Amino acid sequence: MNVGDRHFRTIWLSDDGRSVEIIDQRWLPHEFRIEKLVTVAGIATAIRDMWVRGAPLIGVTAAYGVAMQMTDDASDEALDTVWEILHDTRPTAINLRWALDEMRRFLRPLPLGERAAAAYRRANEIADEDVGLNRAIGENGLAIIKDIAARKQPGETVNILTHCNAGWLATVDYGTATSPIYLAVEAGIPVHVYVDETRPRNQGAQLTAWEMAGHGVPHTLIVDNAGGHLMQRGAIDMVIVGTDRTTADGDVCNKIGTYLKALAAADNDVPFYVALPSPTIDWTVGDGLAEIPIEERSGDEVSLVWGKTASGKIAQVRVSPEATPAANPAFDVTPARLVTGLITERGIAKASREGLKAMFPERG
Ligand SMILES: CSC[C@@H](O)[C@@H](O)C(=O)COP(=O)(O)O
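Residues numbered from 1 in each chain as written. Predicted model: local features only at pLDDT ≥ 70, side-chain atom pairs only at ≥ 80, totals over all residues.

As recorded in an unreviewed UniProt entry, the protein chain goes by Methylthioribose-1-phosphate isomerase and comes from Mesorhizobium australicum. Recorded in UniProt for the protein chain, the comment headed Sequence similarities (unreviewed entry) runs: "Belongs to the EIF-2B alpha/beta/delta subunits family. MtnA subfamily." Taken from UniProt, the Function (unreviewed entry) comment for the protein chain reads in full: "Catalyzes the interconversion of methylthioribose-1-phosphate (MTR-1-P) into methylthioribulose-1-phosphate (MTRu-1-P). Also catalyzes the interconversion of 5-deoxyribose 1-phosphate and 5-deoxyribulose 1-phosphate. Part of a bifunctional DHAP-shunt salvage pathway for SAM by-products." (UniProt positions renumbered as here; feature names shortened; annotations may be inferred.)

Put into structure tokens, the structure is as follows:
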């Protein structure tokens, strides 16, 4: 998507053909910084410390990490080691394991001397494929927005609530949950987005709001607890969120707080949609609550908040007593029964084993 009048993806291969450049998301919305990652250790740090984040982007970044490793040592042992190092960075988003498995599957049969070049080719392809998947999700989700708009008075706004950042910053381009929104704006449908701030790391306030502002999408930032209130008053027409892992039974794991939004949506008959590319489906898991590992991040992310001071410095402030411990589960699981539909690249699937199997028969 554009930043100013220049098009950016969130990650791209450097001119040296070996390192990668990323938009360093730690500084947004205050500063737009690009960082060069030149080692596997650097890639691991960027994923773990969330310079890049969002399930699809984590996967693509890891794919480039495997490629980097292949230029140093293309042996089977090195391939297994880099798989482990990168897999250990974040536990919940399945796209990470998907991309690492895909790179290993692709590289294993190749002679050692061909692996580095082939790995960069495949990593580039995975990045390009992500853009195509997200564009298709956008088109399928656009049909839902059009449908809601058609049931309103001409010119009346479609109000959409979203949680966390499932925007272009969480992918290579377009985003998942935001892709239908961008296409709706392009199609001239009046939309307005309620952006959950998404404590503790504020991906909504810092990233989704920045995206919306950058693309002229009418939006309003709300605290995480406001969604239920707005739904009770009929102010929300639909919820669209992303996901870090959706099970074969249709349970949806996403940023902490998503489950509460789904409960409020169900209680108020607000359709609750989840946008996801197929690499986000974990076909090996059925019961999300029992089987998905939930990342526990540092309590400091709850106690200390980043922002910009009046003097323009980016700084952290403490919001709780020094002595108060904080817990920080980063994701939760929304049971399939609360999900209206899964917006995939192939169409809208029912959030159920049957629904997903019908959409992806080859996985059945
Ligand atoms: C298209 S991204 C979908 C999810 O990855 C997104 O909603 C999310 O939960 C991101 O979590 P994060 O911890 O910021 O990586």
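A few words on the site of the ligand. Inspection of the region around the ligand gives 17 residues, with Arg-53, Ala-55, Ala-170, Gly-242 and Lys-255 positioned closest. Breaking the shell around the ligand down by element, the ones donating at least two residues are α2 (55-72) and β11 (252-255). Looking at side-chain class alone, the shell around the ligand contains seven nonpolar, seven polar and three charged residues. When residues of the shell around the ligand are sorted by domain, at least three fall in each of domain 1 (2-129) and domain 2 (137-363). (Near = placed C-beta within 6 Å. Helix = DSSP H or I, 4+ residues; strand = E, 2+ residues; numbered from the N terminus. Nonpolar A, V, L, I, M, F, W, Y, C, P; charged D, E, K, R; others polar. Domains from an automatic or database assignment.)

Another aspect to go through is helix α5 (residues 112-150). Compared with an ideal rise of 1.5 Å per residue, which puts 39 residues at 57 Å, α5 spans 57 Å between its outermost C-alpha atoms and is within 8% of the ideal. Taking the largest bend as the criterion, α5 deviates by roughly 30 degrees, centred on Ala-118. (Expected span 1.5 Å × (residues − 1). Bend = angle between axes of the 7 residues up to and from the residue.)

Turning our eyes to something else, we now look at the packing of α2 against α5. Where α2 meets α5, the closest approach of the two axes is 8 Å, and the angle between their N-to-C directions is 170 degrees. Classed by the angle they form, the pair α2 and α5 counts as roughly antiparallel. Together, Pro-56, Val-60, Ala-63, Tyr-64, Val-66, Ala-67, Met-70 and Thr-71 of α2 and Arg-115, Ala-116, Ala-119, Tyr-120, Ala-123, Ile-126, Ala-127 and Asp-130 of α5 make up the contact between the two elements. (Axes fitted to C-alpha atoms, helices over the stretch in contact; angles between N-to-C directions. Parallel < 35°, antiparallel > 145°, perpendicular 65-115°, else oblique. Contact = placed C-beta atoms within 7 Å.)

In terms of strand pairing, strand β7 (residues 191-196) meets strand β8 (residues 219-222) through four bridges, oriented parallel. The residue of β8 that forms the bridge with Tyr-194 is Thr-220. With helix α7 (residues 203-214) bridging β7 and its parallel neighbour β8, the resulting β-α-β unit is right-handed. (Pairing = 2+ DSSP bridges. Right-handed = clockwise from strand over helix to strand, strands pointing away.)

On to the UniProt feature "binding site: substrate" (unreviewed entry) in the protein chain. With numbering aligned to this structure, UniProt lists the feature "binding site: substrate" (unreviewed entry) at Arg-53, Gly-54, Ala-55, Arg-90, Gln-203, Asn-254 and Lys-255. On the basis of neighbour counts, which here come to 28 C-beta atoms within 10 Å, the residue Ala-55 falls in the buried class. Beyond its immediate chain neighbours, meaning those up to four positions away, Ala-55 contacts Ala-93, Asn-95, Ala-170, Asp-244 and Thr-280. Within the secondary structure layout, Asn-254 lies in strand β11. Those residues in contact with Asn-254 that sit more than four places away from it in its chain are Cys-164, Val-241, Gly-242, Thr-243, Asp-244, Phe-331 and Thr-334. (Buried ≥ 20, exposed ≤ 12 C-beta atoms within 10 Å, placed from the backbone.)

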